[in-house]
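Given next are the chains, with one letter for each unit.
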Amino acid sequence: MGFNLNFRDKSWAPVFSLDLKAKNSGRRNHNVICMSVQQASVPKVAVSPLELENATEPPLNLHKPKEPYTATIVSVERLVGPKAPGETCHIVIDHGGNVPYWEGQSYGVIPPGENPKKPGAPHNVRLYSIASTRYGDFFDGKTASLCVRRAVYYDPETGKEDPSKNGVCSNFLCNSKPGDKIQVTGPSGKIMLLPEDDPNATHIMIATGTGVAPYRGYLRRMFMESVPKFKFGGLAWLFLGVANSDSLLYDDEFTKYLNDYPNNFRYDRALSREQQNKNGGKMYVQDKIEEYSDEIFKLLDNGAHIYFCGLKGMMPGIQGTLKRVAEERGESWEEKLSLLKKNKQWHVEVY
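Residues numbered from 1 in each chain as written. Predicted model: local features only at pLDDT ≥ 70, side-chain atom pairs only at ≥ 80, totals over all residues. Heavy atoms only, no water.

Labelled according to an unreviewed UniProt entry, the chain appears under the name Ferredoxin--NADP reductase, chloroplastic, originating from Cicer arietinum. Quoted straight from UniProt, the Cofactor (unreviewed entry) entry for the chain says "FAD". In its Subcellular location (unreviewed entry) section, the UniProt entry covering the chain states "Plastid, Chloroplast". (UniProt positions renumbered as here; feature names shortened; annotations may be inferred.)

Encoded structure:
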């Protein structure tokens, strides 16, 4: 048995050698047995260096904006299909082990060129949630991955793209080529760190678009990597809101976890341009939350962690839904939210 590591779609799959004679003779039971073995014991990927598990506190601001680390682009790959509005890229950066981080943290990126508001000075730092575990996509602790949507500005009158107003950093990253240099700061952030004191905890993860980045790191740590100090036995539940099927990010990876760990992973997609909510309107992530609200509230009452990551415009709709559901249950949302924050169950990172 070996691993087929496919970095194009960021999925990995155990490869099983079937008895071809049995297969050709129509004895289908052999396939079934192989699948049941796969379900019972899904092989995980070895990671190194395991010294990355030794620190008791997360690394913070090892490289500041005035002294950024010069890293190297390894690869840039388009993540979305042709019918997705806009372009989102998966970018792997080689930091040589010099900018270690924990799942849920962010890197700062300083794009080349000078700040138009401060001639002669570099651009301001742009923060991006890291989309890989501390071991990176190659499991060796030397890379970090970012999930970046290209920011493009269209003139409202002409409807044409105005390159002068496009996002400087996102376009720099999406246009990068392997070998290009990149100025990195950080890592930063503690609010989205994955709590690991209870390996059997429940983690409810809510994302819109590239907000899925930190959850990809969590889920690889839970389900893909063989980490001696962290054996996940709880429930991870991902809600991802995007425009359509072509806009789904890391879908193959998440679907594999769903197949391999049906008791530990749930995955709900909200496709606003393809699905309808119960009122006949567009299906947004808050509509999915409402659909499962009873279950979610019970899990929160039992200590589940809940995370929100994505555009800040996602929060009013989600908060409104949670408030309405709480009131329908005869609860005060303000009191409940206050308790969730006090118990460190509530994690928000929006931009």
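After that view, the rundown keeps rolling.
For a regular strand, side-chain orientation follows a simple rule: the groups alternate between the two sheet faces. Of all seven residues making up strand β13 (residues 265–271), five are buried, and the element is well covered by its neighbours. Of the strand pairs in this sheet, strand β12 (residues 235–242) and β13 are connected by seven bridges, and their pairing is parallel. Bridging across to β13, Leu240 finds its partner in Arg269. Chirality of the crossover, the property in question, places the unit of β12, helix α5 (residues 251–260) and β13 among those that are right-handed. (Buried < 20%, exposed > 50% of the residue type's maximum accessible area, 1.4 Å probe, protein only. Helix = DSSP H or I, 4+ residues; strand = E, 2+ residues; numbered from the N terminus. Pairing = 2+ DSSP bridges. Right-handed = clockwise from strand over helix to strand, strands pointing away.)

Think of a sheet as strands paired side by side through backbone hydrogen bonds, with each pair either parallel or antiparallel. Read across the open sheet, the six strands follow the order β7-β6-β9-β4-β5-β8; overall the sheet is antiparallel. Whereas interior strands pair on both sides, the edge strands pair on one side only; in this sheet they are β7 (126–129) and β8 (143–149). Each strand axis lies, on average, 40° off the axis of its neighbour in the sheet, ignoring direction. With seven bridges joining them, strand β5 (residues 88–94) and β8 adopt antiparallel strand pairing. Residue pairing across strands places His90 opposite Cys147, the latter belonging to β8. (Axes fitted to C-alpha atoms, helices over the stretch in contact; angles between N-to-C directions.)

The five strands lie next to each other as β13-β12-β10-β14-β15, forming an open sheet whose pairing is parallel. Single-partner strands in this sheet number two, and they are β13 and β15 (346–350). Neighbour-to-neighbour, the strand axes of the sheet open up by a mean angle of 10°, direction not taken into account. Relative to strand β14 (residues 305–310), strand β10 (residues 202–208) runs parallel, the two sharing five bridges. Within β14, the residue paired with His203 across the bridge is His305. Taken strand by strand, helix α4 (residues 213–224) contacts β10, β12, β13 and β14, and its axis lies near 145° from that of β10. (Contact = heavy atoms within 4.5 Å.)

Before going further, it helps to spend a moment on the packing of α4 against α5. Axis separation between α4 and α5 bottoms out at 11 Å; the angle between their running directions is 35°. In this structure, the crossing between α4 and α5 has a hand that is left-handed. Here Arg216, Leu219, Arg220, Phe223 and Met224 of α4 come into contact with α5, specifically with Glu253, Phe254 and Tyr257. For the contact of α4 with α5, the class distribution of residues is five nonpolar, no polar and three charged. (Left-handed = near helix turned anticlockwise from the far one by under 90°. Nonpolar A, V, L, I, M, F, W, Y, C, P; charged D, E, K, R; others polar.)

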